[in-house]
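Structural characterization, general
Here is how the chains run, residue by residue.
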Amino acid sequence: MKTENYDVIVIGGGAIGLATAYHLGKRKAKTLVLEQFTFVNQLGSSAGVSRQFRIPYPDEYMVQMALDAQPYWDELEKEAGQSLLDKVGTLWFGDPAVHSTEGNIAEAEEALKALNVPYTTLTAKEIEEKYHFKNLPETYTGLFQPDGASINFKATIESLLNLCRKEETVHLEENSPVFEIKQIGELFEITTPNGIYIAKKLAIIPGPYINSVINLLDFKIEATYWNMSSAYFKKTNPEIQYPTWFVFQNAVGENGNQFYGFPSVDWDHPEYIRVAPDFVIEPLEEPGDRTLIPNPQELGYTSDWVKEHMTGLATEPEYTSTCLIALSKIPNKELLIDFAPKYVPNYKNIVVYATGWAAKFTPLLGKIMSDLALDGHTKYDISHFQLGRQYFKAL
């Protein structure tokens, strides 16, 4: 067994873990990334090819975070030498009174106004005329924000991985689950199947598998796990294009009734449109319960919605998949960014990121996590994402 010393060990090699390592590498910190599976795998929250970048949120601090992320995306695209965001705009529409995990239309408008973010309000008829939807209730309203984009998420992860490989101070280990974390004075000793590693700092970012790591430090985070379904629908009219969009509707019976979608793009089944349900009929108890097979009821509701409300598409779902998502059970806490609780030895040198819909913030979160690890602070306001010690659960 080999033993090596590092400034920072990043546990988790998904999008945000790699973004953290990328920023650590830019600061020449000797960094190790431990990924329990292979890099660019389909087993966690980095699964799939595309994600949405959008600025509308019901809270000003989330709108500000999306705005703060934009220059980091610009920087990453420049470093990667390729476009990662297909800027098609964000369309939110539906019942303005509905609240969901994505937010609320009326509150989002107020937050956008407060921060002087440009957007256009829309009636149901205008949404149908401009964006190819149909049969919408007359009471529906909408907003269009032009900076929204479809993220080439697979290329984003691959670009971050390649940039990390180019940094002399960044080392990457896949198939390396963490078996044990020991405290040796002010240092950490990490045991994996491939070796024992020593570090001054830990950045723990294993996505939905967060508790499998922090349990080794005798605490856990309360989360709900979703096996998110997704499907593609073939274009019957090749001229039709959609923005990224989300529809807010009340649930029908016991099942969700909210959906979201993407444009057709040349890097992701270009003859198809991706549409997915933003609800899960049966949440998972543990991340290990996930399956790569979508729930057929969720796909059925999605197909029905496409048939009823979208034009230029076939209604048979194809290229179906799932993505494992962890959502915080802590009220009003979507993203969790914090140090370990104070009762954990050397807690100030352990940074944790977990839960939430975070792909749109990937390069910014990498910057935040790297600064917290190296400096113990960040210039960005993370007060809304800190757990508060009462929410950590001791084992």
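Residues numbered from 1 in each chain as written. Predicted model: local features only at pLDDT ≥ 70, side-chain atom pairs only at ≥ 80, totals over all residues. Heavy atoms only, no water.

Across its full length, the protein carries eight helices and 21 strands. At 21 Å, the protein has a C-alpha radius of gyration in line with the 21 Å of a compact globule built from 395 residues. Taken over the C-alpha atoms alone, the protein extends approximately 65 × 40 × 35 Å along its principal axes. The buried share among the 395 residues of the protein stands at 58%. By sequence separation, contacts in the protein at least 24 residues apart represent 73% of the contacts at least 6 residues apart. About 16200 Å² of surface is accessible on the protein, with carbon and sulfur atoms providing 48% of the total. (Helix = DSSP H or I, 4+ residues; strand = E, 2+ residues; numbered from the N terminus. Rg over C-alpha atoms; globule rule 2.2 N^0.38 Å. Buried < 20%, exposed > 50% of the residue type's maximum accessible area, 1.4 Å probe, protein only. Contact = heavy atoms within 4.5 Å. Areas by Shrake-Rupley, 256 points an atom, 1.4 Å probe, with all protein chains shown as cover.)

It is worth spelling out unusual backbone geometry at this point. Phi is positive for Asn-135, which is not a glycine, with a value near 55°. The topology assignment puts Asn-135 in the loop between helix H4 (124-131) and strand S7 (141-145). A positive phi angle, close to 45°, is found at His-269, a residue other than glycine. Within the secondary structure, His-269 sits in the loop between strand S16 (259-261) and strand S17 (272-277).

Another aspect to go through is the nonpolar core. A general tendency of soluble globular proteins is for nonpolar side chains to be buried together. Ile-337, Tyr-353 and Phe-361 are the most contacted members of the largest nonpolar core, which totals 76 residues. Top element by residues in this core is helix H2 (residues 60-80). It accounts for eight residues. Taken domain by domain, the makeup of this core includes at least three residues from each of domain 1 (5-47 + 154-220 + 331-394) and domain 2 (90-146 + 224-328). (Core = buried A, V, L, I, M, F, W, Y, C linked by side-chain atoms within 4.5 Å. Domains from an automatic or database assignment.)

Once that is clear, we can look at the domain arrangement of the protein. Split into domains, the protein comes out as domain 1 (5-47 + 154-220 + 331-394) and domain 2 (90-146 + 224-328). Using only C-alpha atoms to locate each centre, domain 1 and domain 2 end up separated by 30 Å. Taken together, the contacts link 14 residues of domain 1 with 16 residues of domain 2. Summed over both sides, the interface of domain 1 with domain 2 buries roughly 1100 Å², with 61% coming from carbon and sulfur. On the domain 1 side of the contact with domain 2, Pro-208, Thr-355 and Trp-357 bury the most area, a combined 50% of that side's loss. Counting every contact that joins domain 1 to domain 2 gives zero salt bridges. There are five residue pairs in polar contact (both at pLDDT 80 or more) connecting domain 1 and domain 2. Residues of the side of domain 1 that touches domain 2, tallied by class, amount to six nonpolar, six polar and two charged. (Buried area = accessible area lost by both parts, 1.4 Å probe. Salt bridge = Lys/Arg side-chain N within 4 Å of Asp/Glu carboxyl O. Polar contact = N/O pair within 3.5 Å; in protein donor to acceptor, adjacent residues only side chain to side chain. Nonpolar A, V, L, I, M, F, W, Y, C, P; charged D, E, K, R; others polar.)

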